[in-house]
Amino acid sequence: MSFGETPVTLVGNLTDDPELKFTEGGAALAKFTIAVTPRTFDRTANQWKDGTTAFYRCAAWRTLAEHIADSLKKGSRVVANGRMRQHDWQTPEGEKRSMLAVEIDDIGASVRFTTVTINAKRASGNGSAAASDDPWNTGDNRPESGNEPPF
């Protein structure tokens, strides 16, 4: 992240399936919207109350974009980290336009209200890593072997 950028963490739900496109140069781009609704506990009423929902337009690039399109769907609850970006353009009629969007650096499914299954892929995208490529693989890691990681 560069100096002066606005970091953002969003926790919310996708409003639709991510839209995957490719640039003329072949770079993948995923566009999607995350709806974020704050909840507060009203002690007087003894119940949770929803605040005003905010909708954040988001974009992700390259491999991350493809993984998002393959993994997340409308309604998926996610935790996303990125940077707020302003986009300026001019309409064909000459009117200046501007919008804020979040450029996503990392995103994952939230497991607060559900469970997920992780299907790890190597950076090359050809499947799961071999044991020899796994830096955490120290041999026999069964609990009874005494070779558990120290955490």
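Preceding this paragraph is the structure being described.
Rules used in this analysis
Residues numbered from 1 in each chain as written. Predicted model: local features only at pLDDT ≥ 70, side-chain atom pairs only at ≥ 80, totals over all residues. Heavy atoms only, no water. 1 Å grid on protein atoms, 1.4 Å probe; cavity = no way out; pocket = protein on both sides within 12 Å on 5 of 7 lines; lining within 4 Å. Points joined across faces, edges and corners; volume = space filled by probe spheres on them. Helix = DSSP H or I, 4+ residues; strand = E, 2+ residues; numbered from the N terminus. Nonpolar A, V, L, I, M, F, W, Y, C, P; charged D, E, K, R; others polar. Salt bridge = Lys/Arg side-chain N within 4 Å of Asp/Glu carboxyl O. Buried < 20%, exposed > 50% of the residue type's maximum accessible area, 1.4 Å probe, protein only. Pairing = 2+ DSSP bridges. Polar contact = N/O pair within 3.5 Å; in protein donor to acceptor, adjacent residues only side chain to side chain. Contact = heavy atoms within 4.5 Å. Core = buried A, V, L, I, M, F, W, Y, C linked by side-chain atoms within 4.5 Å.

A look at the layout of surface pockets
Part 1 of the reasoning: One number sums up the size of the second largest pocket: a volume of about 290 Å³.
Part 2 of the reasoning: Lining the second largest pocket are 13 residues; nearest its centre among them are Thr37, Arg39, Arg77, Arg112 and Phe113.
Part 3 of the reasoning: Secondary structure elements with two or more residues in the lining of the second largest pocket: β1 (6-14), β3 (28-36) and β5 (47-50).
Part 4 of the reasoning: Looking at side-chain class alone, the lining of the second largest pocket contains six nonpolar, three polar and four charged residues.

Some thoughts on the pattern of salt bridges
Part 1 of the reasoning: A complete count under the given rule lists nine salt bridges for this structure.
Part 2 of the reasoning: For Glu19, the salt bridge identified is with Lys21, shortest N-O distance 3.2 Å.
Part 3 of the reasoning: The shortest N-O distance in the salt bridge between Glu103 and Arg85 comes to 3.9 Å. Highlighted residues: Glu103 in strand β8 (residues 96-109) and Arg85 in strand β7 (residues 77-90), separated in sequence by 18 residues.
Part 4 of the reasoning: The partly exposed category is assigned to Glu103, whose relative accessible area is 22%.
Part 5 of the reasoning: Arg85 gets classed as partly exposed once you look at its relative accessible area, which sits at 27%.
Part 6 of the reasoning: Among the charged side chains, a salt-bridge network with shared partners connects Glu5, Arg83, Arg85, Glu103 and Asp105.

Regarding the pairing of β8
Part 1 of the reasoning: The sheet contact formed by strand β6 (residues 54-61) and β8 spans two bridges and is parallel. The residue bridging Cys58 from the neighbouring strand is Val102, located in β8.
Part 2 of the reasoning: Alignment of β7 against β8, held across 13 bridges, turns out to be antiparallel. Its bridge partner lying in β8, Ala80 is registered against Ile107.

With respect to the side chain of Ser76
Part 1 of the reasoning: Relative to the elements of secondary structure, Ser76 occurs in the loop between α1 (62-71) and β7.
Part 2 of the reasoning: Owing to a relative accessible area of 19%, Ser76 belongs among the buried residues under this scheme.
Part 3 of the reasoning: Separated by 2.8 Å, the side chain of Ser76 and the backbone oxygen of Lys73 make a polar contact.
Part 4 of the reasoning: Residues within four places of Ser76 in sequence aside, it is in contact with Gly12, Asn13 and Leu14.

A closer look at the nonpolar core
A general tendency of soluble globular proteins is for nonpolar side chains to be buried together.
Part 1 of the reasoning: In terms of nonpolar packing, the biggest core is built from 18 residues, with Leu10, Phe32, Ile34, Cys58, Ile68, Ile104 and Ile107 touching the most fellow members.
Part 2 of the reasoning: Sorting the residues of this core by element identifies β1, β3, β6, α1, β7 and β8 as the ones contributing at least two each.
Part 3 of the reasoning: If one sorts the elements of this core by residue count, β3 sits on top with five residues.
Part 4 of the reasoning: Not counting residues up to four positions away in its chain, the partners in contact with Ile104 are Phe32, Cys58, Ala59, Ala60, Leu64, Ala80, Asn81 and Gly82.

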